[in-house]
Amino acid sequence: MKYITGDRCLRIKGYWLMVVGLMLIVGCSSDSTGSDEQQRSTGSTLQVVPYIAAYQSNDVLSRRAVSAGYSAYTPNQDIAIGLYLLPEATPSVKLLRYTSGAWHSQTTVANNTDYTIYGFMPKKDPISSSITQSSENVVLTLSNIDAVCPDDICFVTGVKDLTGDLLQGQFGYKGKEDENYIRLLMDHLFASVKFNFTVDTDYSKLRTIKLKSLKLSTTTAPVTATITLTPNTTDAYPASVAYTTSAGASTATFFESEDGEAIPTTNTDFICCFAPSASNTMTLVTTYDVYDSKGNLIRKDCEAKNKLPDLEAQRGWQVTLNLKVSPTYLYQLSEPDLDNPTITIN
């Protein structure tokens, strides 16, 4: 197998999107017994309406204001969100969970109590968190985050009320006896890379390639993100993020299929997230099977490794890379060539 590493990447013209829609989180009672279905209720439990920031292009000239790009958020998989409700003498993480197509909360709020809300998602091991507050800002620290990961890691802030415009710097919330709704705004902590696979036209007439797995690895160790959040009432962007890294490595599997998925594929979500500090140290490892024109498996679990170009991406940016599977020599489709395709990045 020969591996050819491309030296260019195609940068998408993604824009911040405003999507009309609303998704309600149904709260559940503070009783820890019984199923989630039994626990759902209204009242003093916190209920939220979440919005997520759309990824944008890494083309600086096409960027738009952060505040223009929050859209209603519905997860495509089970997920947990960790929330801090300040002030607390000893801040602790409250949990929101999305399972079986519904949100579940056991977090209660006190009537007529003023809160500010901060958090992160997903809440899962090995990520740990801490929060500190001063008179001017709040510092949320997230530790042990793999430098490449399949999860879209976000930090979360509250919005003051349910009506009116989304004011991204207004974190205030007043607890009520009922109708305890607060909107959450979620901003991406990492950048992301999207992979599009194609097969050479002549080659695809003779062979079928089925993707088995996609892994992204980097020489960057797990990351600590320090997020400084400064409340305001002017809709100014309220966050700044600093990353701390050390020597080490991270690997993420962001696609797996036991039977394989044929290229061209209907899957358009081959996306993996990465810390900006890892943008020039990443390698894509592709595992695939090769079939002949009659559908016979002729090579199993082939592996191609492609060192990615420096993606030069900041957090909240998304880069698209086009990869083509082709034989070694297009002008001579010999059996060895057919059985040993290469994957190139354009």
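Looking now at the packing of aromatic side chains. Taken as a whole, this structure holds 5 aromatic pairs when the rule is applied. Seen from their ring centres, Phe197 and Phe270 are 6.0 Å apart, and the 90° between their planes marks the pair as edge-to-face. You can see Phe197 sitting in strand β14 (residues 191–199) and its partner Phe270 sitting in the loop between β18 (247–262) and β19 (271–274), a full 73 residues away along the chain. Here Phe197 matches Phe270 in class, with each residue buried. A cation over an aromatic ring shows up here: Lys210 above the ring of Tyr291, its NZ or CZ 4.6 Å from the ring centre.

As summarised here, the arrangement of the 4 strands in space is β18-β15-β20-β21, forming an open sheet in which the pairing is antiparallel. A strand with exactly one partner marks an edge of an open sheet, and here the two such strands are β18 and β21 (297–307). The average angle at which neighbouring strand axes cross in this sheet is 15°, direction not considered. Bridging between strand β20 (residues 282–292) and β21 involves 8 bridges; their strand directions are antiparallel.

Okay, the confidence of the model for the chain next. When pLDDT drops low, the exact placement of atoms in the prediction is not to be read closely. Of all residues in the chain, 76% have pLDDT values of 70 or greater, and the mean over the chain is 77. Every residue in residues 60–68 is under pLDDT 50, and counting partners more than four places away or in other chains gives 18 contacts. Below pLDDT 50 for its whole length, residues 329–334 participates in 7 contacts with residues either more than four positions away or in separate chains.

Bringing the nonpolar core into the picture now. Ranked by internal contacts, the top residues of the largest apolar core, which has 33 residues, are Phe195, Phe197, Leu216, Leu284 and Leu321. Secondary-structure elements contributing two or more residues to this core are β14, β15 (207–220), β18, β19, β20, β21 and β22 (317–326). Setting aside residues up to four positions removed in sequence, Leu284 forms contacts with Phe195, Phe197, Leu214, Lys215, Leu216, Phe254, Ala304, Lys305, Asn306, Leu308 and Leu323. Core analysis: the next-biggest nonpolar cluster, separate from the first, contains 26 residues, Ile131, Cys149, Ile227 and Ala278 among them.

About the cut-offs
Residues numbered from 1 in each chain as written. Predicted model: local features only at pLDDT ≥ 70, side-chain atom pairs only at ≥ 80, totals over all residues. Heavy atoms only, no water. Phe/Tyr/Trp six-rings, centres within 6.5 Å; stacked < 30°, edge-to-face > 60°. Helix = DSSP H or I, 4+ residues; strand = E, 2+ residues; numbered from the N terminus. Buried < 20%, exposed > 50% of the residue type's maximum accessible area, 1.4 Å probe, protein only. Lys NZ or Arg CZ within 6 Å of the ring centre and 35° of its normal. Pairing = 2+ DSSP bridges. Axes fitted to C-alpha atoms, helices over the stretch in contact; angles between N-to-C directions. pLDDT = per-residue confidence, 0-100. Contact = heavy atoms within 4.5 Å. Core = buried A, V, L, I, M, F, W, Y, C linked by side-chain atoms within 4.5 Å.

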